[in-house]
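If you want the building blocks of each chain, they are given just below.
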Amino acid sequence: MQIFSKRIIAQILCSPCRRVTVDKRFLRNSSTNKLLKGTFRIGLTGITVGALLGTGYSIHYYNKPRAHILNEEITIPTVKEIPDIKPTRVIKNYQDRSGLELTLYQYQTCPFCCKVRAFLDYYGISYNVIEVDPVLRQAIKWSPYRKVPILVAKVDDGFQPLNDSTMIISALASYLFDNNNKNLPEIVKCFPLISYVDDDGIKKNEIMNRYFLMLNNVKYQTAEEINSEERKWRKWADNVLVHTLSPNVYRTKDEALQAFNWFSEVGEWEANFPIWERYLMIYVGASAMWLIGKKLKKRHNLKDDVRQSLYDECNYWLRAVKSKGGQFMGGSRPNLADLAVYGVLSSIEGCLAFKDLLENTKIGGWYYNMKRNIAQHEGATMI
């Protein structure tokens, strides 16, 4: 085998033609290998660059703030007419100088409805009340907004609905403090409803600017700058304090039933709804809310003793009020934060949880000062 190999090699080396043939094949194979290697390198480079670009795009896509992807922006339009429903109550203040004709669709003990009533009563504004059946909600079937409160104002070309308690208060305050510059429909346009998709791909709605007053009046602009904490505490009332209520009011089956009987009394359910509907709201409502209260306790990370969470938040508020050096967060007069916190707490005034709150904190002094100021329409002198 070794001799045969040497002979073949010798023949190849001694033959010029064969030497050339071998060289050409060698060169051709070498060029092909180089071409293949070059193509491979280009392909590999392309794949690598593509992977890097794809990874970078994926990181950018999944980490960008999707909540800022706006799908639509609308304002609450005026409507030509609304159903003619007899008011449950008529709140008339003969010193009302607002020029507003208002109807409030509400549940009497809803904390957000209580916030709106506290504002209207404090500023001495007249309004009609329509008590909405919380089961069937027939009175608000005309509205695409399916919650309460809904406040409807009579305007030149029909009626202007206002939705969401915080937006209602901000829009009305803007109108009352600055009514020489804008009419109510123009002010409503400053609070557009934004629809967006959150990180989980769920479509949600948010009312923009709802904690802000839309003012041109220099006097009130200055007051807003000085009392910048007002917005902070209005948000706290909506996002923290209100979530301590249900787990406390519906802490036990007996407390839930007691609360719903009080709701029936102050909401005048016996006069406003058929007896079967009243009993349905009381007994089914109490049972349902007792179960829901337990879930809300967990969702909002309340303490095992939910009363303690209620006491802690109210003491937190009282310390902040005390730091201002006056009777109220607004100093010598209540501001919008005072009215919001009072409204939230007034929704449970007839419940056992509120009785315990008075006995275990010093909230009563501030609360009853607020109640007196609201009953006497002390804010009417400011408009």
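Residues numbered from 1 in each chain as written. Predicted model: local features only at pLDDT ≥ 70, side-chain atom pairs only at ≥ 80, totals over all residues. Heavy atoms only, no water.

## Quick look at the sheet that holds strand 3 (residues 102-106)
Strand pairing in a sheet takes place through backbone hydrogen bonds and is either antiparallel or parallel in direction. Sheet architecture is open: 5 strands sit in the order 2-4-3-5-6, paired in mixed fashion. Taken across any chain shown, the strands that pair with only one partner, and hence form the sheet edges, are strand 2 (89-91) and strand 6 (158-163). Averaged over all pairs of adjacent strands, the angle between strand axes in this sheet comes to 25°, irrespective of strand direction. Set on the sheet, helix 3 (residues 111-122) makes contact with strand 2, strand 3, strand 4 (127-131) and strand 5 (150-155); between it and strand 3 the angle comes to about 155°. Contacting strand 5 and strand 6, helix 4 (residues 165-177) crosses the sheet at an angle of about 125° to strand 6. (Pairing = 2+ DSSP bridges. Helix = DSSP H or I, 4+ residues; strand = E, 2+ residues; numbered from the N terminus. Axes fitted to C-alpha atoms, helices over the stretch in contact; angles between N-to-C directions. Contact = heavy atoms within 4.5 Å.)

## Describing the pattern of salt bridges
As enumerated under the stated definition, the model contains 9 salt bridges in all. Ionic pairing is found between Arg-210 and Glu-206, a salt bridge with its closest N-O pair at 3.6 Å. Assessed through its relative accessible area of 17%, Arg-210 is described here as buried. Arg-307 is paired through a salt bridge with Asp-356; the nearest N and O atoms lie 3.0 Å apart. On the criterion of sequence distance, the pair formed by Arg-307 in helix 12 (residues 306-323) and Asp-356 in helix 14 (residues 352-360) is long-range, its members being 49 residues apart. Residue classification places Arg-307 among the buried positions, given a relative accessible area of 2%. The network of salt bridges with common partners includes Arg-251, Glu-255, Arg-307 and Asp-356. (Salt bridge = Lys/Arg side-chain N within 4 Å of Asp/Glu carboxyl O. Buried < 20%, exposed > 50% of the residue type's maximum accessible area, 1.4 Å probe, protein only.)

## With respect to the packing of helix 3 against helix 4
Relative to each other, helix 3 and helix 4 sit at 15°, their axes nearing to 9 Å. Classified by the angle between their axes, helix 3 and helix 4 sit roughly parallel to one another. Helix 4 is crossed by helix 3, and the crossing has right-handed handedness. Residues Phe-112, Lys-115, Val-116, Phe-119 and Leu-120 of helix 3 pack against Ser-165, Thr-166, Ile-168, Ile-169, Leu-172, Ala-173 and Leu-176 of helix 4. (Parallel < 35°, antiparallel > 145°, perpendicular 65-115°, else oblique. Left-handed = near helix turned anticlockwise from the far one by under 90°.)

## Brief notes about empty space enclosed by the protein
The final tally for this structure, using the stated rule, is 1 cavity of 30 Å³ or more. Reported here for the largest cavity is a volume of approximately 40 Å³. The wall of the largest cavity is formed by Lys-115, Thr-166, Ile-169, Tyr-211, Arg-234, Asp-238, Leu-336 and Ala-340. Class assignment for the residues of the lining of the largest cavity results in 4 nonpolar, 1 polar and 3 charged. (1 Å grid on protein atoms, 1.4 Å probe; cavity = no way out; pocket = protein on both sides within 12 Å on 5 of 7 lines; lining within 4 Å. Points joined across faces, edges and corners; volume = space filled by probe spheres on them. Nonpolar A, V, L, I, M, F, W, Y, C, P; charged D, E, K, R; others polar.)

## Looking at helix 3
The periodicity of an α-helix, 3.6 residues per turn, causes residues three or four places apart in sequence to face the same way. Taking 1.5 Å of rise per residue, 12 residues should cover 16 Å, and helix 3 covers 16 Å from first to last C-alpha, within 8% of that figure. Of the positions making up helix 3, those classed as buried are Pro-111, Cys-113, Cys-114, Lys-115, Val-116, Arg-117, Ala-118, Phe-119, Leu-120, Asp-121 and Tyr-122. (Expected span 1.5 Å × (residues − 1).)

## Focus on the nonpolar core
Counting residues in hydrophobic clusters, the biggest one holds 78 residues, and the most contacted among them are Phe-119, Leu-120, Tyr-123, Phe-263, Trp-317, Leu-345 and Trp-366. No other element matches the 9 residues that helix 4 contributes to this core. Beyond its immediate stretch of four places on either side in the chain, Trp-317 contacts Trp-233, Trp-236, Met-329, Ala-337, Asp-338, Val-341, Ile-363 and Trp-366. Ile-130, Ala-139, Ile-140 and Phe-159 belong to the second largest nonpolar core, which has 12 residues in total. (Core = buried A, V, L, I, M, F, W, Y, C linked by side-chain atoms within 4.5 Å.)

## A word on the packing of aromatic side chains
Scanning all chains against the criterion turns up 17 aromatic pairs. The interplanar angle of 70° and the centroid separation of 5.9 Å between the aromatic rings of Tyr-123 and Phe-177 together place this pair among those described as edge-to-face. Note that Tyr-123 is positioned in the loop between helix 3 and strand 4 and Phe-177 in helix 4, a separation of 54 residues in sequence. According to the relative accessible area criterion, Tyr-123 is buried, its value standing at 3%. A ring pair is formed by Tyr-250 and Phe-260, whose centres lie 5.9 Å apart and whose planes are at 35°; its orientation type is tilted. (Phe/Tyr/Trp six-rings, centres within 6.5 Å; stacked < 30°, edge-to-face > 60°.)

## Comments concerning the packing of helix 14 against helix 15 (residues 363-375)
In contact at an axis separation of 7 Å, helix 14 and helix 15 are set at 120° when each is read in the N-to-C sense. Here Phe-354, Leu-357 and Leu-358 of helix 14 lie close against helix 15, whose contacting residues are Ile-363, Gly-364, Tyr-367 and Tyr-368. In the contact of helix 14 with helix 15, the residues fall into 6 nonpolar, 1 polar and no charged.

## Thoughts on the side chain of Glu-131
Within the element layout of this structure, Glu-131 appears in strand 4. For Glu-131, the side chain forms a polar contact with the main-chain nitrogen of Gln-108, separated by 2.7 Å. Not counting chain neighbours up to four residues away, the residues in contact with Glu-131 comprise Thr-88, Arg-89, Gln-106, Tyr-107, Gln-108, Gly-267, Trp-269, Asn-272 and Phe-273. (Polar contact = N/O pair within 3.5 Å; in protein donor to acceptor, adjacent residues only side chain to side chain.)

## A word on helix 12
Counted at 1.5 Å a residue, the expected span for helix 12 with its 18 residues is 26 Å, and the 26 Å between its end C-alpha atoms agrees. Considered for burial, the residues of helix 12 that qualify are Val-306, Arg-307, Ser-309, Leu-310, Tyr-311, Cys-314, Trp-317, Leu-318, Ala-320 and Val-321. Phi turns positive, to about 80°, at Gly-325, one or two residues after helix 12.

## Considering the pairing of strand 6
Along any regular strand, the residues point their side chains to alternate faces of the sheet. Of all 6 residues in strand 6, 6 are buried, a share of seventy percent or more. With 6 bridges joining them, strand 5 and strand 6 adopt antiparallel strand pairing. Among the inter-strand pairings, Ile-150 is bridged to a residue of strand 6, identified as Asn-163. Following strand 5, the chain reverses through 2 residues before pairing antiparallel with strand 6.

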